[in-house]
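Letter by letter, the chains look like this.
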Amino acid sequence: MRIIESENDIGFITAAYVKKRINEAGGRIVLGLPTGGTMESFYKHLVEFCAKGELSFKEVVTFNLDEYIGLPRGDKESYRSYMNSRLFDMVDIEPANIHFPDVYAEDLEKAGLEYDKKIESYGGIDIFLGGVGRNGHIAFNEAGTPFDAPTHKVELSESTRKANSRFFNNDINAVPKYAFTMGMGTILKSREIIILASGEKKSEALYRAVEGPVSPQWPISALRLHNNSYIVADPKALSQVSTAGKKRFSVCSFGDCQGGCK
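Residues numbered from 1 in each chain as written. Predicted model: local features only at pLDDT ≥ 70, side-chain atom pairs only at ≥ 80, totals over all residues. Heavy atoms only, no water.

Chemist: Describe the side chain of H137, naming the residues involved and giving the relevant values.
Modeler: Assignment of secondary structure puts H137 in the loop between strand 6 (127–130) and strand 7 (152–155). Residue class for H137 comes out buried when judged on its relative accessible area of 11%. A polar contact of 3.4 Å, which involves the side chain of H137, links it to the side chain of T160. Sequence-distant contacts of H137, defined by excluding residues within four places in its chain, comprise G131, V132, E142, T160 and P219. (Helix = DSSP H or I, 4+ residues; strand = E, 2+ residues; numbered from the N terminus. Buried < 20%, exposed > 50% of the residue type's maximum accessible area, 1.4 Å probe, protein only. Polar contact = N/O pair within 3.5 Å; in protein donor to acceptor, adjacent residues only side chain to side chain. Contact = heavy atoms within 4.5 Å.)

Rendered as C-alpha cells:
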C-alpha cells in the first residue's frame, strides 16, 4: 500500500492518472467504478478531459461496485442514475461496455457469481477506484466482511445508511436497507486499487488502514494485502495517521500531482 497526501484536488490527481493509464493502454482498459461525494471531482475532470479531446472512453469497459436493492428501475437515487448523470451520458462510452450488478434478479447469489464471471471474462479489473466509509467499508463491504467474499447482497449498517441519507432528503428511513456489492475477494483481484478519501470524517478509517491491525472489522486494512494499492487523501483525512505511518507508506510517484504530494 502507498499513500499520496495532497492539499490539491485529489479528484483531479486521480483523474489525470487514470487518463494517463487509459491512453497508455490504447484506450482498452477495465475500470471498477464507485459512486459517492468524494468521487464527484474525479468524474468531473474525466468529463473535461473527454471534452478537450484528451481522453476517449470508446473502448473502456466499466464495472460498477454496487447498487441499492429495492429502488425502482430508473430511480434518481440509484447508482446507475448517479453514473449516467456524472459520467456515462457525457462521454463516448459504449453502452454495452457498462456493467452493473443485477439487483432485480430472483436469485441474487447466482447473480453475484455471474457478475464476477463477467469481470473475469474481460480479463479482470485493471484499476479499481473507490471511496471509503467512516467505518472503513469499501464499496458496501461492511465491517466483518471476509476478505475473500465474492459479489454479494449485504445489509447496510446504520452508520452507512445515516451517511447516505443526505441523498434521500436526510431521511434515513428512505435509504434502502440492502445493497448488492462487489466483494472484497473480487476487489483484491484487481491489478491496481486506488482509494480516495477527503475530510476529517474519514480520518479514523485511514488510521485503521495504515496503523491498525489488518482485520475484516476494518475492510480498508485489506489494502495492505495488495501489492499495488494506493490511498489518495487530503491532510484532514490523514490527520490521525502518525508521521511514522505516513513515512512508511508515502510516495510521490502517482499521476500528475502538480507538486502536491508530500
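Chemist: Let's hear about the pattern of salt bridges: which residues, and what values?
Modeler: A full pass over the atoms with the stated rule returns eleven salt bridges. In this structure, the salt-bridge partner of E94 is K58, at a minimum N-O distance of 2.8 Å. Residue E94 is found in the loop between helix 3 (79–86) and strand 5 (98–99), and its partner K58 is found in the loop between helix 2 (40–51) and strand 3 (61–64); the two are separated by 36 residues along the sequence. Between E120 and K189 there is a salt bridge, and its shortest N-O distance comes to 4.0 Å. (Salt bridge = Lys/Arg side-chain N within 4 Å of Asp/Glu carboxyl O.)

Chemist: Tell me about the side chain of E192, residues and numbers included.
Modeler: With respect to the secondary-structure elements, E192 resides in strand 9 (residues 192–197). Judged by its relative accessible area of 3%, E192 is buried. In this structure E192 touches Y17, R21, D126, I127, F128, H226, N228 and Y230, once residues within four positions along its chain are discounted.

Chemist: Can you lay out helix 4 (residues 108–121) for me, pointing to particular residues and giving the numbers?
Modeler: Here helix 4 spans 20 Å end to end across 14 residues, near enough to the 20 Å set by a 1.5 Å rise per residue. Among all positions of helix 4, only L108, A111, G112, Y115, D116 and I119 are buried. What you see down the axis of helix 4 is that its buried residues fit within an arc of 140 degrees, all on one side. Among the exposed residues of helix 4, those pointing more than 90 degrees away from its buried face are E109, K117, E120 and S121. Lining the buried residues of helix 4 we find strand 3, strand 4 (66–69), strand 5, strand 7, strand 8 (178–181) and helix 6 (184–188). N-capping of helix 4 is provided by D107, with a side-chain oxygen placed 3.2 Å from the backbone N of E109. Looking one or two places after helix 4, you find G123, whose phi comes out positive at around 90 degrees. (Expected span 1.5 Å × (residues − 1). Arc of directions from axis to C-beta.)

Chemist: Break down the layout of surface pockets for me, with residues and values.
Modeler: When its volume is computed, the largest pocket comes out at roughly 820 Å³. Lining the largest pocket are 35 residues, and of these G36, G37, N164, R166 and F167 sit closest to its centre. For the lining of the largest pocket, the elements supplying multiple residues, two or more each, are strand 4, helix 3 and helix 5 (158–164). Counting residues per element, the lining of the largest pocket draws most heavily on helix 5, which supplies five residues. Taken together, the residues of the lining of the largest pocket sort by class into twelve nonpolar, 14 polar and nine charged. (1 Å grid on protein atoms, 1.4 Å probe; cavity = no way out; pocket = protein on both sides within 12 Å on 5 of 7 lines; lining within 4 Å. Points joined across faces, edges and corners; volume = space filled by probe spheres on them. Nonpolar A, V, L, I, M, F, W, Y, C, P; charged D, E, K, R; others polar.)

Chemist: Residues and numbers for the packing of aromatic side chains, please.
Modeler: Counting across every chain of the model gives eleven aromatic pairs. Judged by centre distance (6.2 Å) and plane angle (55 degrees), the rings of F12 and F49 are tilted. On the criterion of sequence distance, the pair formed by F12 in helix 1 (residues 10–24) and F49 in helix 2 is long-range, its members being 37 residues apart. Taking the centre distance of 4.7 Å and the plane angle of 35 degrees together, the rings of Y68 and Y79 count as tilted. On the criterion of sequence distance, the pair formed by Y68 in strand 4 and Y79 in helix 3 is long-range, its members being eleven residues apart. (Phe/Tyr/Trp six-rings, centres within 6.5 Å; stacked < 30°, edge-to-face > 60°.)

Geometric descriptors of this kind do not, in isolation, establish any biological role.
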